[in-house]
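Observations on the model geometry
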Amino acid sequence: MPPVEARAWVEVDLLALEANLALLRARARGEVIPVLKADAYGHGALPLARFLCQRGARRVAVAAVGEGRTLRRGGVEGEVLLLGSLHPLEAEEALRWNLVPSLSTLEAARALAARARALGLTPRAHLKVDTGMRRVGFPWEEAGEALRAVEALGVRVEGVYTHLATAGEDAAFVEVQRRRFQRVREALGEGYFYHLENSYGLLLHGGENVRVGLALYGLVPGFGLRPILRLLARPTLVKRLRPGDRVGYGGEYVARGGEWLATLPVGYADGLPRGAVRHVRGPGGELLPLAGRISMDQTTVLLPGPLPLEAVFEVLSPDFGPTGLLAWAEARGTIPYEVVVHLSRRLPRVYRYGEEVREVANS
Ligand SMILES: *Cc1c(COP(=O)(O)O)cnc(C)c1O
């Protein structure tokens, strides 16, 4: 592996991303739409969008207009779908950056149509339908009426979709939502691009056109998917402790004396869940315990012996073991989504395709 000139960084494995995409495409009967919101769940939306478009993704999805703008500024040309529900105040920005918003209110549809007329652009949108999540979307029973009203405003509705509330949690309710969406589809007719499942929906129930985030990033165990992200760090200091030395805030770790300690320059501000991470992996893959508490910017690790400052520690591993993201999330009492989106942007992102470093992104 060629050296990376950094003391701490996030490494994204594009080869693993490619394998995950292939696996998901083999499962879906239609299109796989990569979901790149929240900076691609912390993985870096722009490098991933570029790579996925090269690999045949015709459209990607994000949540916020600003996220779409970042992709456009970075040269992404395919369709960029804005999930959620367009706010009327965002209509102009969405049009200017050629982003396709989701509509679940007539207010937003009117704003989109009006701004498009003023700018001389075509208003395009996907219609969001609520089949049971009760968050955004036109009620499924009124989807036909909503479609006609939106189209009457001059908006070109290209796609229609809904979102599952209980994929991976309540299969019976998934079925209810799928049946409702089928009714919507029958009522609205062909000529629209219909999409439905998310990661767990696709993996557990199959699907046609799907929007996937978590599975693309390999954060779902048991389906042959692989996490694509690692967090690596080099120690800024390695030293031997004396008997009675206390390490870190609260002096929680008390040394017997003679232990070797490495200080890694990553902490909870980098996204390590404080109180949940108990180990990292040493340069040989060995599991090493932390000594004391994680600080904002630093973490202290016990070593079996001295190591040079060039040594690379794997703080977060691309697997489902004790140093993987799912273990972090579980220890923290939360879901992997929440942990992964909090990996700090101050860590450089290194994009690797096999042995080749394709890109280094610093924010
Ligand atoms: C985030 C999101 C997805 C992707 O969900 P995963 O569980 O990460 O696959 C799909 N659709 C919508 C509307 C979303 O907001």
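Residues numbered from 1 in each chain as written. Predicted model: local features only at pLDDT ≥ 70, side-chain atom pairs only at ≥ 80, totals over all residues. Heavy atoms only, no water.

1. Remarks on the UniProt feature "active site" (unreviewed entry) in the chain
The condition is simple: UniProt positions are given in the numbering used here, feature names are shortened, and annotations may be inferred rather than shown by experiment. In DSSP terms, a helix is any run of H or I states spanning at least four residues, a strand is any run of E spanning at least two, and both are numbered starting from the N terminus. Three labels apply to residues, based on accessible area from a 1.4 Å probe with only protein chains included: buried if under 20% of the type maximum, exposed if over 50%, partly exposed otherwise in between. Residue contacts are defined here by distance: any two heavy atoms, one from each residue, within 4.5 Å place the two residues in contact.
Per the UniProt record, the feature "active site" (unreviewed entry) sits at Lys37 and Tyr249. Maximum C-alpha separation among the annotated residues is 35.2 Å over a sequence range of 213 residues, too wide for a single clustered spot. Tracing the chain through its elements places Lys37 in helix α2 (residues 37-41). A relative accessible area of 30% places Lys37 in the partly exposed class. By secondary structure assignment, the location of Tyr249 is in the loop between β13 (246-247) and β14 (253-254). Beyond its immediate sequence surroundings of up to four residues, Tyr249 is in contact with Arg293 and Ser295.

2. Things to note about the environment of Leu112
Tracing the backbone shows Leu112 in helix α6 (residues 106-119). Exposure remark for Leu112: the relative accessible area of 1% places this residue in the buried category. When the C-alpha positions of Leu112 and Arg183 are compared, they lie 27 Å apart, and in sequence the two are 71 residues distant. Leu112 has contacts with Leu86, Ala91, Leu95, Pro101, Leu103, Pro123, Arg124, Ala125 and Val155, leaving out every residue within four places of it along the chain.

3. Considering the site of the ligand
Stated formally: Near is defined per residue: the residue qualifies when any heavy atom it owns lies within 4 Å of the molecule or strand. Under the rule applied, a polar contact is a pair of N or O atoms within 3.5 Å (in protein, one hydrogen donor and one hydrogen acceptor; residues adjacent in sequence only if both atoms are side-chain atoms). Surface exposure here means Shrake-Rupley accessible area, sampled with a 1.4 Å probe, where a residue is shielded only by the protein chains that are shown. Polarity classes work like this: nonpolar for Ala, Val, Leu, Ile, Met, Phe, Trp, Tyr, Cys and Pro, charged for Asp, Glu, Lys and Arg, and polar for all others, with Gly in that last group.
All residues adjacent to the ligand are Val35, Lys37, Tyr41, Leu83, His163, Asn198, Ser199, Arg211, Val212, Gly213, Leu214 and Tyr337. One of the side-chain nitrogen or oxygen atoms of Tyr41 is found 2.6 Å away from an oxygen atom of the ligand. Contact distances for the ligand include 2.6 Å between an oxygen atom and a side-chain N or O atom of Tyr337. For the ligand, whose unbound accessible area comes to 390 Å², protein coverage reaches 93%. Taken together, the elements giving at least two residues each to the shell around the ligand come down to α2 and β10 (210-212). Broken down by class, the residue content of the shell around the ligand amounts to six nonpolar, four polar and two charged.

4. Notes on the packing of helix α1 (residues 14-27) against helix α3 (residues 45-54)
Quick reminder of the rule: In this description, a line fitted to the C-alpha atoms serves as the axis of each element, helices being fitted only across the stretch in contact, and the angle between N-to-C directions of two axes falls anywhere from 0 to 180 degrees. Note on terminology: angles under 35 degrees are roughly parallel, angles over 145 are roughly antiparallel, angles of 65 to 115 are roughly perpendicular, and the others are oblique. For any pair of crossing helices, the crossing counts as left-handed if the nearer helix is rotated counterclockwise from the farther one by less than a right angle, and right-handed if it is rotated clockwise.
Contact geometry of α1 with α3 gives a least axis separation of 11 Å together with a crossing angle of 50°. It follows that α1 is oblique to α3 by the angle criterion. Where α1 crosses over α3, the two elements pack in a sense that is right-handed. Every residue of α3 that contacts α1 at Leu14, Leu17, Glu18 and Leu21 is listed here: Leu48, Phe51 and Leu52. In terms of residue class, the contact of α1 with α3 is built from six nonpolar, no polar and one charged.

5. Quick word on the pairing of strand β20 (residues 349-353)
Applied cut-off: At least two bridges found by DSSP between two strands is the condition for calling them paired.
Of all five residues in β20, four are buried; the element is thus mostly enclosed. Strand direction decides the pairing type here: strand β1 (residues 8-13) and β20, joined by four bridges, are parallel. Paired with Asp13 across the two strands is Arg352, which belongs to β20. Pairing analysis gives five bridges linking β20 to strand β21 (residues 356-361), with the strands arranged antiparallel. Within β21, the position partnered with Arg352 by the bridge is Val357.

6. As for the sheet that holds strand β18 (residues 299-303)
Strand order in the open sheet formed by three strands is β12-β15-β18, with antiparallel pairing between adjacent strands. The outermost strands of the open sheet, each flanked by one partner alone, are β12 (237-240) and β18. Strand-to-strand twist in this sheet, taken as the mean axis angle between neighbours without regard to direction, amounts to 25°. Two elements, β12 and strand β15 (residues 260-264), share four bridges in a ladder whose sense is antiparallel. Its bridge partner being in β15, Val238 is matched across the sheet by Ala262.

7. Section: the pattern of salt bridges
Short version of the rule: The working definition used for a salt bridge is a side-chain nitrogen of Lys or Arg within 4 Å of a carboxyl oxygen of Asp or Glu.
A complete count under the given rule lists 25 salt bridges for this structure. Here Arg124 makes a salt bridge to Glu79, at a shortest N to O gap of 3.4 Å. Residue Arg124 is located in strand β6 (residues 124-130), and its partner Glu79 is located in strand β4 (residues 79-82); the two are separated by 45 residues in the primary sequence. Here Arg185 makes a salt bridge to Glu190, at a shortest N to O gap of 3.8 Å. It is possible to trace a salt-bridge network through shared partners that takes in Glu31, Arg58, Arg59, Glu79, Arg124, Arg156 and Glu158.

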